[in-house]
Every structure is written in C-alpha cells, then in structure tokens.
2 protein chains.
Amino acid sequence: MMGKHMGPPWWHGRFRGRGYRITVAREAILDVLNRTSEHLSAEDVYLAVHKVHPNVGLTTIYRTLELLVQLGLVFKFDFGDGRARYELAETPKGTRHHHHLVCTVCGRVIDYTDFIDDEIELLSRTEQALSKKFNFKITNHLIQFYGLCNECHRKQ
Amino acid sequence: MMGKHMGPPWWHGRFRGRGYRITVAREAILDVLNRTSEHLSAEDVYLAVHKVHPNVGLTTIYRTLELLVQLGLVFKFDFGDGRARYELAETPKGTRHHHHLVCTVCGRVIDYTDFIDDEIELLSRTEQALSKKFNFKITNHLIQFYGLCNECHRKQ
DNA sequence: GTTTTTAATGAAAATGATTTTCATTTGCTC
DNA sequence: GAGCAAATGAAAATCATTTTCATTAAAAAC
Ligand SMILES: [Mn+2]
Ligand SMILES: [Mn+2]
Ligand SMILES: [Zn+2]
Ligand SMILES: [Zn+2]
C-alpha cells in the first residue's frame with residue numbers, strides 16, 4: 001500500500017547524483033529486483049518487466065543491469081548455468097552481504113548470512129595478510145559452496 | 001629430461017580405469033596444462049597444443065577439458081572475462097587446492113596458498129554448520145578476492 | 001508550458017564462446 | 001591384424017550478450 005506520503009524511491013539519489021536519468025524501464029527493473037529474493041537472469045527480469053511494460057526490450061534490461069552493477073546497486077553472479085544472475089545489493093536499510101550454497105545437480109541457490117560473523121573476522125584477517133603480501137588492494141570477495149541440496153541428496 | 005625409466009604418466013590410470021582412451025590430443029592437452037602455472041582459456045590451450053600437433057582441433061580441446069573437469073583432474077574457473085579458465089587440479093604429489101586474487105582492472109590472477117590454514121579451519125567449521133542447517137552436502141568451495149593488483153593500484 | 005539537448009531506448013544485426021552434428025579416424029581388445 | 005566403439009575434426013548451430021543506429025523521451029533551459 002503506497003501512501004501518498006512516500007518519498008521518491010531511495011535509489012533515485014544514486015541516479016540523479018551522477019547524471020543518470022530515471023526512466024520507466026529503470027524503475028520497473030528495480031521494482032522487479034526489489035520484489036524477489038531469487039537470483040534472476042536478464043531474461044527472467046525481462047519477462048517480469050514485460051508483464052507490466054511490454055514495450056521494454058531485452059537490450060534495455062541488459063544495459064540497465066550493467067549500470068546497476070556499476071553503481072553497486074546490484075550484484076552479478078555466475079552460478080555455472082551459462083547465464084549471469086542478478087540480485088539487489090542493498091535495501092534502504094543497508095547492504096545485505098551474504099554468501100551462497102549452489103547445488104551442482106539442480107542448480108538451486110541458497111543464500112546464507114548465518115555463521116557469517118566468524119567468516120567476516122577471518123576474511124578481514126586474510127584480506128589484510130594478502131594485501132600486505134601481494135600489495136593487492138582488496139575491494140570485494142566471492143564465496144560459494146558447491147554440493148548437493150537437500151532434495152538432490154535424497155534422490156541420489 | 002625424461003629418463004627412459006619413467007613409468008606412464010600418473011594420470012593414465014584415471015583414464016583406463018573408467019574406460020577412457022589415452023589419445024595424442026589428451027596427452028598433449030595435459031602436457032600443456034602441466035607445463036604452465038597460468039590459468040589458460042580453451043583457446044590458449046588450443047594454441048599451445050597446435051604448435052606441436054597442428055591437426056588437433058579446438059572442439060577436441062573443449063571436449064577434453066570438460067572431461068578432465070568431470071574426472072576432477074582440472075578446475076574450471078570464471079574470472080569474469082567472458083571465457084572459462086582451466087587449471088590442473090592435482091599433481092602426482094597430490095592436490096594443489098588454493099584460492100585466487102583477481103585484479104578487476106587488468107584481469108591478472110594470483111594464486112595463494114599462504115594464510116590458507118586458518119581458512120581451511122574456518123571453512124570446515126562453516127561447512128559443517130551449513131550442512132547441518134540446510135541439509136546440504138558440501139563437496140567443494142570457491143573463494144576469490146577482487147581488487148586492484150600492485151601495478152593497477154599504482155597507476156590509479 | 002514549450003523548446004532544446006542529449007541520454008536512453010528498441011529492433012535488428014553482430015559477436016563470440018561453446019556445443020552439436022556427422023562422417024571419418026584411431027585406440028584398444030581379441 | 002581385424003573389429004568395434006570411442007574419439008576426432010570441420011562445419012554448422014546455439015545462445016547469451018553486445019553493438020549499431022535511427023527514434024524517443026527525460027530533464028534542463030527558456
Ligand atoms: Mn544471493
Ligand atoms: Mn589458480
Ligand atoms: Zn539440488
Ligand atoms: Zn591489475
């Protein structure tokens with residue numbers, strides 16, 4: 001229920017500040033990403049947007065997702081199924097950093113944020129040590145566990 | 001210097017055991033992977049093999065690399081440059097598990113095995129916790145740090 | 001509100017890594 | 001050495017993503 005006292009979406013500032021325009025397509029794409037907790041492909045986003053705005057083309061989806069990745073609003077992943085997957089990087093409340101479990105049989109992807117405290121600590125230690133040894137400025141990391149999900153494990 | 005008292009390459013057993021044939025192309029491809037410490041693309045492998053065996057086609061390179069990945073002899077990575085990268089998973093002496101630093105500017109990839117002991121420990125704890133919570137049988141993991149390498153950092 | 005500027009867009013074509021097809025070759029068993 | 005299935009090469013197909021270019025539409029200027 002959108003009240004009339006709702007300000008403009010939180011991400012508008014990110015666009016305006018850098019001279020990017022706020023367009024129907026961009027609003028729609030962010031809306032789709034905002035409503036799901038899944039890891040959508042460009043085509044997934046296209047199909048979802050298409051229901052509401054049939055005139056928005058797949059090219060625009062690709063271009064917009066790329067822009068959103070550049071802006072740090074969206075994460076882009078490769079889970080090994082031959083297409084990129086996208087996921088909102090943050091909400092108005094803040095970033096939602098997490099890692100992934102990827103089922104190598106059915107492709108299911110599970111987010112997890114638990115157990116992450118220990119990880120964070122180790123990661124920052126590791127990052128420091130690596131930075132020093134290799135003179136490498138670390139800005140980001142990717143952690144994925146592969147294996148068999150609940151269902152696929154059972155079926156084996 | 002290959003002495004005449006050298007047995008067949010260590011990986012022959014892996015092939016024979018499962019009914020796969022040992023062919024010129026496969027020998028050549030493994031040889032190329034064995035001689036480098038880089039992360040080669042299929043085309044890289046093709047070019048290297050081509051120098052010695054100009055009749056081996058790119059298709060065979062793809063097929064063989066895929067087979068080697070299935071057999072667990074080779075790791076396949078995506079470092080974000082639009083092509084898969086391959087690397088020998090083990091040597092006669094054992095596995096050479098390691099993680100990667102990826103420069104987001106020049107694409108350079110650095111292997112590291114230091115600092116890995118702490119990681120191993122955390123990983124096994126994390127894996128156990130995740131396995132239990134999500135009923136997910138973890139068989140593998142991927143850890144990559146992204147950032148600026150020495151040189152690219154300097155140029156910025 | 002209208003005009004102006006130029007970023008954004010859609011459709012179609014291009015790209016490029018990887019896969020498939022199929023006729024031919026080659027390792028391996030007997 | 002013969003027989004046979006596995007492996008191969010060349011060419012075509014696939015398919016996610018990118019590029020091109022003429023048109024549209026945000027947002028700034030008036
Ligand atoms: Mn996720
Ligand atoms: Mn490596
Ligand atoms: Zn599964
Ligand atoms: Zn670099």
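Residues numbered from 1 in each chain as written. Chains lettered and ligands numbered in written order. Predicted model: local features only at pLDDT ≥ 70, side-chain atom pairs only at ≥ 80, totals over all residues. Heavy atoms only, no water.

Residue and element names in this part refer to chain A. The 3 strands lie next to each other as 1-3-2, forming an open sheet whose pairing is antiparallel. The sheet terminates laterally at strand 1 (40-41) and strand 2 (74-78), the two strands that pair on one side only. With 2 bridges joining them, strand 1 and strand 3 (residues 84-88) adopt antiparallel strand pairing. Each residue of the ladder has a partner; that of Leu40, found in strand 3, is Tyr86. Along the sheet face, helix 4 (residues 58-70) touches strand 2 and strand 3 and points at about 110° away from the line of strand 2. (Pairing = 2+ DSSP bridges. Helix = DSSP H or I, 4+ residues; strand = E, 2+ residues; numbered from the N terminus. Contact = heavy atoms within 4.5 Å. Axes fitted to C-alpha atoms, helices over the stretch in contact; angles between N-to-C directions.)

Bring the parts together and some accessible area is lost; that lost area is often taken as the interface size. Listed as interface residues are 37 residues of chain B and, on the opposing side, 37 residues of chain A. Across the interface of chain B and chain A, roughly 3400 Å² is buried in total on both sides, 71% from carbon and sulfur atoms. Summed over the shared surface of chain B and chain A, the number is 0 salt bridges. The interface formed by chain B and chain A includes 10 residue pairs in polar contact (both at pLDDT 80 or more). Contributing elements (two or more residues each) for the side of chain B that touches chain A: strand 6 (99-103), strand 7 (109-112), helix 5 (116-134), strand 8 (137-148) and helix 6 (150-155) of chain B. (Buried area = accessible area lost by both parts, 1.4 Å probe. Salt bridge = Lys/Arg side-chain N within 4 Å of Asp/Glu carboxyl O. Polar contact = N/O pair within 3.5 Å; in protein donor to acceptor, adjacent residues only side chain to side chain.)

Let us now look at the relation of the copies chain B and chain A. When chain B is fitted to chain A, the residual RMSD is 0.1 Å, and the transformation amounts to a turn of 180° plus an axial shift of 0.0 Å. Considering both components of the superposition, the chain copies are consistent with a two-fold axis. Residue Ile143(B), judged by its C-alpha, is the member of chain B lying nearest the rotation axis, at 2.4 Å. Comparing interface residues between copies, 100% of those in chain B also lie at the interface in chain A; the contact surface is shared. (Least-squares fit on C-alpha atoms with pLDDT ≥ 70 in both.)

Residues and elements named next belong to chain A. The coordination sphere of the zinc ion (ligand 3) contains the protein donors Cys103 (SG), Cys106 (SG), Cys149 (SG) and Cys152 (SG), at a distance range of 2.2 to 2.4 Å. Taken together, the 4 donor atoms coordinating the zinc ion (ligand 3) span angles of 104 to 114° at the metal, a pattern that classifies the geometry as tetrahedral. When the donors of the zinc ion (ligand 3) are listed by position in the chain, the intervening gaps give C-x2-C-x42-C-x2-C. Of this pair, Cys106 sits in the loop between strand 6 (99-103) and strand 7 (109-112) while Cys152 sits in helix 6 (residues 150-155); the two residues are 46 residues apart in sequence, bridging distant segments of the chain. For Cys152, a relative accessible area of 6% translates into the label buried. (Donors = N, O, S within 2.8 Å, 3.2 Å for Na, K, Ca; no water. Tetrahedral: all angles 85-135°; square planar, octahedral: opposite > 155°, others 65-115°. Buried < 20%, exposed > 50% of the residue type's maximum accessible area, 1.4 Å probe, protein only.)

Surrounding DNA strand C, one finds 21 residues, the nearest of these being Asn55(A), Thr60(A), Arg63(A), Tyr62(B) and Arg83(B). Within the side chain of Arg83(B), an N or O atom sits 2.4 Å from a phosphate oxygen of DNA strand C. Looking at the surface near DNA strand C residue by residue, the classes come out as 7 nonpolar, 7 polar and 7 charged. (Near = heavy atom within 4 Å. Nonpolar A, V, L, I, M, F, W, Y, C, P; charged D, E, K, R; others polar.)

Moving on, we get to the sheet that holds strand 8 (residues 137-148) of chain A. The strand order across the open sheet formed by 6 strands is 7(A)-6(A)-8(A)-8(B)-6(B)-7(B), and the pairing between neighbours is mixed. Of all the strands in the sheet, the pair left with one neighbour each is strand 7 of chain A together with strand 7 of chain B. For this sheet the average axis-to-axis angle between neighbouring strands, irrespective of direction, equals 25°. Bridging between strand 8 of chain A and strand 8 of chain B involves 11 bridges; their strand directions are antiparallel. When the sheet's bridge partners are listed, Tyr146(A) is paired in strand 8 of chain B with Asn140(B).

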